[in-house]
Amino acid sequence: MKVSKTILLSLICVFLIKNILPAQVVISSDEVPEVKVDTSREPMAEGVFEPTWESLRQYKVPEWYKNAKFGIWAHWGPQSQPEAGDWYARHMYSEGHWQYNYHLEKYGHPSEFGFKDVINDWKADQWDPEKLVALYKKAGAQYFFAMANHHDNFDLWDSKYQAWNAVNLGPKKDLIAGWAAAARKFDLPLGLSIHSAHAWTWYEPSRGADSKGEKEGIPYDGHLTLEDGVGTWWEGYDPQELYAQSHPHSEGWEDLGTIHSQWNWWKGASLPDQAYSDNFYNRAMDMINKYQPDLVYFDDTALPLWPVSDAGLQFTANFYNRNAIWHDGQLNAVVFGKILSEDQRKAIVWDIEKGIPNEILPYTWQCCTCLGGWHYDRGLYNRDGYKKSQLVVQLLMDIVSKNGNLLLSVPLRGNGSIDDKAEKIVEEIGEWMSVNSESVFDTRPWKVFGEGPSVKGSAMKGQGFNEPGSGHYTNEDIRFTTKGDVLYAIVMDSKGTTTVNIASLAKDSPLLNGRKIKQISQLGATKTPTWKQKKEGLSVDFEGEGVVVLKIEGAL
């Protein structure tokens with residue numbers, strides 16, 4: 001039977017909607033969680049917030065965060081030790097995957113040397129948090145984030161509720177305490193990211209086995225228990241506290257990609273139980289009570305374990321209340337979640353991963369992205385695969401023009417050091433900031449975010465992932481920010497020109513409401529630009545190099 005193109009496209013759309021897109025849509029605030037966490041060990045602080053979406057919608061984003069615009073993140077943990085990219089602790093258990101093959105060559109078979117052993121191999125012996133945070137501060141970061149745990153379920157602090165932590169094992173030091181001290185020394189608000197809610201399904205491949213070869217059928221180490229550790233280096237530690245696999249598998253778990261369609265705890269995912277939910281809540285509360293951060297990032301749709309459990313709601317209400325106590329009644333706290341509904345964006349801040357919307361958003365939001373991979377990837381370093389400093393600045397100004405903040409992850413090697421290429425990029429960002437930061441910090445969007453070929457952008461996919469690459473922005477692309485009575489026009493790439501025409505600022509533009517431009521200067525320039533307002537736009541001659549900022553007075 002011959003099928004028309006129209007019918008074929010319709011069938012493809014139906015397939016996508018049924019099999020892919022459900023993992024990318026919001027989870028309603030009206031859901032009723034079956035698992036109610038036990039908060040008796042980490043009780044709720046007194047305050048205005050209750051653990052409901054309705055109560056959390058009282059939240060107001062603090063002005064300090066709206067003004068900050070730029071943060072730097074150390075997305076660093078034991079998965080950085082192999083220096084072989086992100087999601088290593090999952091993919092190393094997938095026969096034939098390139099990270100599985102890498103693991104075989106570097107460490108041996110995962111039935112004999114699993115991720116627990118990678119943790120033991122990780123010493124972080126060149127980690128200098130003060131040196132790193134000083135570098136980030138000099139680059140213009142207004143807040144600092146450290147990863148507290150990842151999907152690998154290993155806590156990087158002196159965790160009361162997780163024996164598999166960095167004080168007991170691996171580095172044998174409290175990494176979060178070190179980061180927190182450094183952040184406070186350099187007067188940067190502290191953020192901590194928690195990714196462990198999905199360890200329940202994320203580690204499922206660790207219970208698999210090879211389907212062929214000399215190790216065919218021999219289980220990987222994800223099946224091991226406390227009793228199996230007698231006489232080993234990990235004696236006394238239960239691998240199931242790390243791998244969290246004492247439960248039935250999710251449907252289709254053998255396919256590495258299935259987890260994405262099950263990220264929202266549906267379509268056949270194995271559902272976390274009471275003990276897992278309680279443990280997640282207790283660990284997260286233990287962390288904030290110890291280190292008193294102002295920002296907490298969750299790598300989850302809406303809030304962690306929602307709607308299976310109310311753990312995320314309980315945590316957020318408790319955190320808001322406690323943060324207000326720490327700051328004498330002033331709420332400085334920010335909590336981040338992904339793929340939020342309109343009402344959820346009033347309760348917490350929307351984090352968009354590697355993505356930028358095509359409009360000015362009414363509520364403050366954040367884009368998180370990285371120079372390289374989320375965990376250190378030596379291959380990216382060798383291929384010069386990092387984002388260049390100019391692209392980072394372009395992304396920053398695009399984001400800020402749309403009422404957002406940028407959280408930039410800078411790769412750290414397994415030993416805790418920054419490599420020379422990443423350090424150079426951070427220094428270059430700092431050089432640009434030293435000249436142009438007034439167009440970034442404490443600013444707000446204008447009536448339009450910008451103009452030029454790049455304003456159309458591309459549609460976001462799921463939690464984001466429409467981030468443009470190098471070459472996307474041209475010398476015709478402009479972004480706008482405002483501060484007081486000043487309008488900043490950012491020329492996104494001055495390459496090939498020293499003249500720009502800004503159509504939004506044409507002589508009779510309705511955006512100006514009849515106001516007359518009085519003066520234009522260029523940040524960091526040695527000469528005053530020449531300019532003329534015409535019917536077709538504001539023509540400005542400037543000193544061109546990279547991302548250029550024009551300071552315009554009289555337009556507001």
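Residues numbered from 1 in each chain as written. Predicted model: local features only at pLDDT ≥ 70, side-chain atom pairs only at ≥ 80, totals over all residues. Heavy atoms only, no water.

Asks: Teacher, can you tell me more about unusual backbone geometry here?
Replies: A cis amide bond links Trp 306 with the next residue in sequence, Pro 307, at an omega value of 5°. With respect to the helices and strands, Pro 307 occurs in the loop between β4 (295-301) and α13 (311-326). Positive phi is not limited to glycine here, since Ala 124 has a value of about 50°. Here Ala 124 is to be found in the loop between α6 (115-121) and α7 (129-138). For Ala 124, a relative accessible area of 1% corresponds to the buried category. Residue Lys 172 is not a glycine yet carries a positive backbone phi of 60°. Looking at the element boundaries, Lys 172 is found in the loop between β2 (143-149) and α8 (175-185). (Helix = DSSP H or I, 4+ residues; strand = E, 2+ residues; numbered from the N terminus. Buried < 20%, exposed > 50% of the residue type's maximum accessible area, 1.4 Å probe, protein only.)

Asks: It is not clear to me how the environment of Ile 517 should be interpreted in this structure. Could you clarify?
Replies: If you trace the backbone, Ile 517 turns up in the loop between β12 (499-502) and β13 (519-522). Spatially, the C-alpha atoms of Ile 517 and Gly 554 are 4.4 Å apart, while their sequence positions differ by 37 residues. Aside from chain neighbours lying at most four places away, what touches Ile 517 is Leu 505, Trp 531, Gln 533, Leu 538, Ile 552, Glu 553, Gly 554 and Ala 555. (Contact = heavy atoms within 4.5 Å.)

Asks: For this particular structure, what's the right way to read the sheet that holds strand β15 (residues 537-541)?
Replies: What holds strands together in a sheet is hydrogen bonding between their backbones, with the strands either parallel or antiparallel. Spatially, three strands are ordered β12-β15-β14 in an open sheet, and the strand pairing comes out antiparallel. Each edge of the sheet is formed by a strand with only one pairing partner; in this case those strands are β12 and β14 (530-534). Between one strand axis and the next, the sheet turns through 15° on average, direction left out of account. Where β14 and β15 come together, five bridges link them in antiparallel fashion. Looking across to β15, one finds that Lys 534 is bridged to Gly 537. (Pairing = 2+ DSSP bridges. Axes fitted to C-alpha atoms, helices over the stretch in contact; angles between N-to-C directions.)

Asks: Help me understand the pattern of salt bridges in this model?
Replies: A side chain with one charge can pair with a side chain of the opposite charge if their charged atoms come near. The tally for this structure, following the rule as stated, stands at 21 salt bridges. Glu 353 is paired through a salt bridge with Lys 338; the nearest N and O atoms lie 2.6 Å apart. Taken together, the positions of Glu 353 in strand β6 (residues 349-353) and Lys 338 in strand β5 (residues 334-338) put the pair 15 residues apart, joining distant regions of the chain. Through salt bridges with shared partners, one network takes in Glu 63, Lys 66 and Arg 444. (Salt bridge = Lys/Arg side-chain N within 4 Å of Asp/Glu carboxyl O.)

Asks: I'm lost on α7 in this one. Help?
Replies: Because the α-helix completes a turn every 3.6 residues, residues three or four places apart line up on one side. Within α7 the residues assigned to the buried category are Pro 129, Leu 132, Val 133, Leu 135 and Tyr 136. Buried residues of α7, seen end-on, are gathered within an arc of 155° and therefore sit on one face of the element. With respect to the buried face of α7, the exposed residues turned more than 90 degrees away are Lys 131 and Lys 138. Against the buried residues of α7 lie β1 (70-74), β2, α8 and α16 (420-436). (Arc of directions from axis to C-beta.)

Asks: Can you help me understand the side chain of Asp 152 in this one?
Replies: Its location among the elements puts Asp 152 in the loop between β2 and α8. Comment: no salt bridge for buried Asp 152; closest opposite-charge side chain is Arg 283, at 7.2 Å. A polar contact is formed between the side chain of Asp 152 and the side chain of Gln 79, at a distance of 3.0 Å. Reaching out from Asp 152, the side chain makes a polar contact with the backbone nitrogen of Phe 154 at a distance of 3.1 Å. Setting aside residues no more than four positions away along its own chain, Asp 152 makes contact with Pro 78, Gln 79, Ala 89, Phe 115, Trp 202, Tyr 203 and Leu 242. (Lys, Arg positive; Asp, Glu negative; His and termini not counted. Polar contact = N/O pair within 3.5 Å; in protein donor to acceptor, adjacent residues only side chain to side chain.)

Asks: How should a positive patch on the surface be read in this particular structure?
Replies: Among the surface-exposed residues, Lys 507, Lys 516, Lys 532, Lys 534 and Lys 535 lie close enough to one another that they form a single positively charged patch. Mapped onto the secondary structure, Lys 534 falls in strand β14. (Patch = residues over 30% accessible without salt bridge, like charges linked within 9 Å, V, L, I, M, F, W, Y side chains within 5 Å. Areas by Shrake-Rupley, 256 points an atom, 1.4 Å probe, with all protein chains shown as cover. Charge placed at Lys NZ, Arg CZ, Asp CG, Glu CD.)

Asks: Even after reading the chapter, I still don't get the sheet that holds β4, so can you show me in this structure?
Replies: Pairing is parallel in the closed barrel, where eight strands are placed in the order β1-β2-β3-β4-β5-β6-β7-β8. This sheet shows a mean twist of 30° between the axes of neighbouring strands, independent of strand direction. Taken strand by strand, α13 contacts β4 and β5, and its axis lies near 165° from that of β4.

Asks: I keep staring at the pairing of β15 and nothing clicks. Help me out?
Replies: Looking along a regular strand, one sees the side chains alternate between the two faces of the sheet. Of all five residues in β15, four are buried, a share of seventy percent or more. As defined by bridge partners, β12 adjoins β15 across four bridges and the pair is classed as antiparallel. When the sheet's bridge partners are listed, Asn 501 is paired in β15 with Ser 539. Two successive antiparallel strands, β14 and β15, enclose a turn made up of two residues.

Asks: How should I be thinking about the nonpolar core in this particular structure?
Replies: Generally speaking, soluble globular proteins have nonpolar side chains that are buried together. In terms of nonpolar packing, the biggest core is built from 150 residues, with Phe 115, Tyr 136, Phe 144, Trp 179 and Tyr 320 touching the most fellow members. Leave out the neighbours within four places in its chain, and Phe 115 touches Pro 78, Gln 79, Tyr 88, Ala 89, Met 92, Tyr 93, Asp 152, Tyr 203, Asp 221 and Tyr 243. (Core = buried A, V, L, I, M, F, W, Y, C linked by side-chain atoms within 4.5 Å.)

Asks: Would you explain the packing of helix α15 (residues 389-400) against α16 in this entry?
Replies: When two helices pack together, you describe them by how their axes are tilted relative to each other and by the distance separating the axes. The contact between α15 and α16 brings their axes to 9 Å, and the two run at 50°. Taken together, the axis directions place α15 and α16 in an arrangement best described as oblique. Here α15 runs over α16; the crossing is right-handed. Mapping the contact onto sequence places Ser 389, Val 392, Val 393, Leu 396 and Met 397 in α15 and Ile 425, Glu 428, Ile 429, Trp 432 and Met 433 in α16. Within the contact of α15 with α16, the residues separate by chemical class into eight nonpolar, one polar and one charged. (Parallel < 35°, antiparallel > 145°, perpendicular 65-115°, else oblique. Left-handed = near helix turned anticlockwise from the far one by under 90°. Nonpolar A, V, L, I, M, F, W, Y, C, P; charged D, E, K, R; others polar.)

Asks: I keep staring at the pairing of β5 and nothing clicks. Help me out?
Replies: For β5, a buried count of five out of five residues is recorded, marking the element as mostly surrounded by other parts of the structure. Pairing between β4 and β5: four bridges, direction parallel. Residue pairing for β5: Tyr 297 is matched across the bridge by Phe 336. This β-α-β element, β4 to α13 to β5, shows right-handed connectivity. By the bridge criterion, two bridges tie β5 to β6 in an arrangement that is parallel. Paired with Phe 336 across the strands is Val 349, a residue of β6. (Right-handed = clockwise from strand over helix to strand, strands pointing away.)

Asks: How should I be thinking about the packing of aromatic side chains in this particular structure?
Replies: One pair of aromatic rings is described through two measures. These are the centre distance and the angle between the planes. Considering all chains together, one arrives at 38 aromatic pairs under this definition. Both rings, one in Trp 87 and one in Trp 202, keep their centres 5.7 Å apart while their planes meet at 80°; by these two values the pair is edge-to-face. Within this pair, whereas Trp 87 is found in the loop between β1 and α4 (88-91), its partner Trp 202 is found in helix α9 (residues 199-202), the two being separated by 115 residues in sequence. For Trp 87, a relative accessible area of 13% translates into the label buried. Among the residues examined, Trp 202 registers a relative accessible area of 0% and is labelled buried. (Phe/Tyr/Trp six-rings, centres within 6.5 Å; stacked < 30°, edge-to-face > 60°.)

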